[in-house]
Amino acid sequence: MKAVFMGTPEFASVILKALCESDHEVELVVTQPDRARDRGKKIQITPVKETALSYGIPVIQPEKIKTDERTIEILEKTDPDIIVVAAYGQILPQRVLDIPRFGCVNVHASLLPELRGASPIQRAIARGDEKSGVTIMKMAAGLDTGDIITQEETDISGLTGGQLHDILADMGAGLLVKTLSLIEEGRAVYRPQDENKATYAGLISKKDGKIDFTRPPEEVERMIRAYDPWPGSFCFMGDETIKIWKAHVIDRPAQRPSGEILAVSEKSIEISCGGKVLAADEIQAPGKKRLRADEYIRGRSVKPGDILR
């Protein structure tokens, strides 16, 4: 099939590569505009644009596709059989959804109707799900509301957000190629979503990584894994902002204020958290690399009674 691909981050780039290596033809790629990132404020092209250029595929980058008449006219002129969308970052207007003869399909990183929205990977880990997966759906006007075509699930126990991202990107790439064949051959089955089971995963920001030590330590540990590598889970030690990248729960009561350091050992820093103990195993100081707890405390004055907030 002749395809147009729409996507922006690394997750979408993995899927675009698989599409380019398949029997389908990618005629055009649509991605978000290049933007300044990180402290240097240097303009960086999107991962999807980088992949598209490596395959010699034309790229367009509308600021707002809903109101960009030129982009919509280009899509209409391209006349694709299908539009594939993966983490594009903009809602498509009905006029675009109506262009391809097979419609638009989306690769979504959850088992819909669970966790519609922008951050399904982090939310699945943070809320303690045992399973996640990918869904290929036919797009409709709502947010991730279209009919399900195919799904594939995986166990996510103990994974970080980064690990699950990579697993689901590869899984989604393979499932997309199989699903496009089903669509082209007329063998695809479209299943409406159960609206009664729908949940949402809203956009995550950096401030969401602030650790609340009054919460149960199991919840905090899941959050730390979910927000690795972005936005990271942080707290304050004195005037210093530190990030905790790895932790485990010690199931014993802590009769001290939440956030108080209970013990410092070669293996971890034990913290009062939600009435029990959270042990921080990997920590990062500002401008430094991630360190094991024993490396972090070497040369630092970290002692029981200190407060993390």
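Look above for the structure.
Quick look at the structure, then. Being a predicted model, the structure only gives us computed values, none of them experimental.

1. A look at the sheet that holds strand S6 (residues 82–86)
Across the sheet, seven strands lie side by side as S5-S2-S1-S6-S7-S9-S10; this open sheet has mixed pairing. Each having just a single partner strand, strand S5 (59–60) and strand S10 (148–155) make up the two edges of the open sheet. Bridge count for strand S2 (residues 25–30) against S5 is two bridges, and the pairing is parallel. The partner of Val-29 across the bridge, within S5, is Val-59. Its contacts with the sheet put helix H1 (residues 10–20) on strand S1 (2–7), S2, S6 and strand S7 (104–108), and the angle it makes with S1 is roughly 165 degrees. Here helix H3 (residues 69–78) sits on the sheet in contact with S1, S2 and S5, set at roughly 175 degrees to S2.

2. As for the environment of Leu-164
Counting through the fold element by element, Leu-164 comes out in helix H6 (residues 161–184). Leu-164 gets classed as buried once you look at its relative accessible area, which sits at 0%. Taking the C-alpha atoms as reference, Leu-164 lies 20 Å from Asp-144; in sequence the two are 20 residues apart. Sequence-distant contacts of Leu-164, that is, excluding residues within four places in its chain, are made with Ile-121, Ile-125, Ser-132, Ile-156 and Leu-159.

Reading the values: rules and limits
Counting starts from 1 at the beginning of each chain's written sequence and moves along it residue by residue. Local features are withheld for residues below a pLDDT of 70 in this predicted model, meaning they are given only at 70 or higher, and side-chain atom pairs are given and counted only at 80 or more; totals for whole chains, interfaces and linings count all residues. Calculated side-chain values reflect all of the structure's heavy atoms, with hydrogen atoms and water omitted. Pairing between strands is defined by DSSP: at least two bridges between the two strands are required. Going along the chain from the N terminus, every DSSP run of H or I of four or more residues is numbered as a helix, and every run of E of two or more is numbered as a strand. The contact definition used throughout considers only heavy atoms, calling two residues in contact when any of these lie within 4.5 Å. Only the contacting stretch of a helix is used when fitting its axis, a line to C-alpha atoms as for every element, and angles between N-to-C directions run 0 to 180 degrees. Only protein chains enter the calculation, and the probe is 1.4 Å; a residue is then buried if its accessible area is under 20% of its type maximum, exposed if over 50%, and partly exposed in between.

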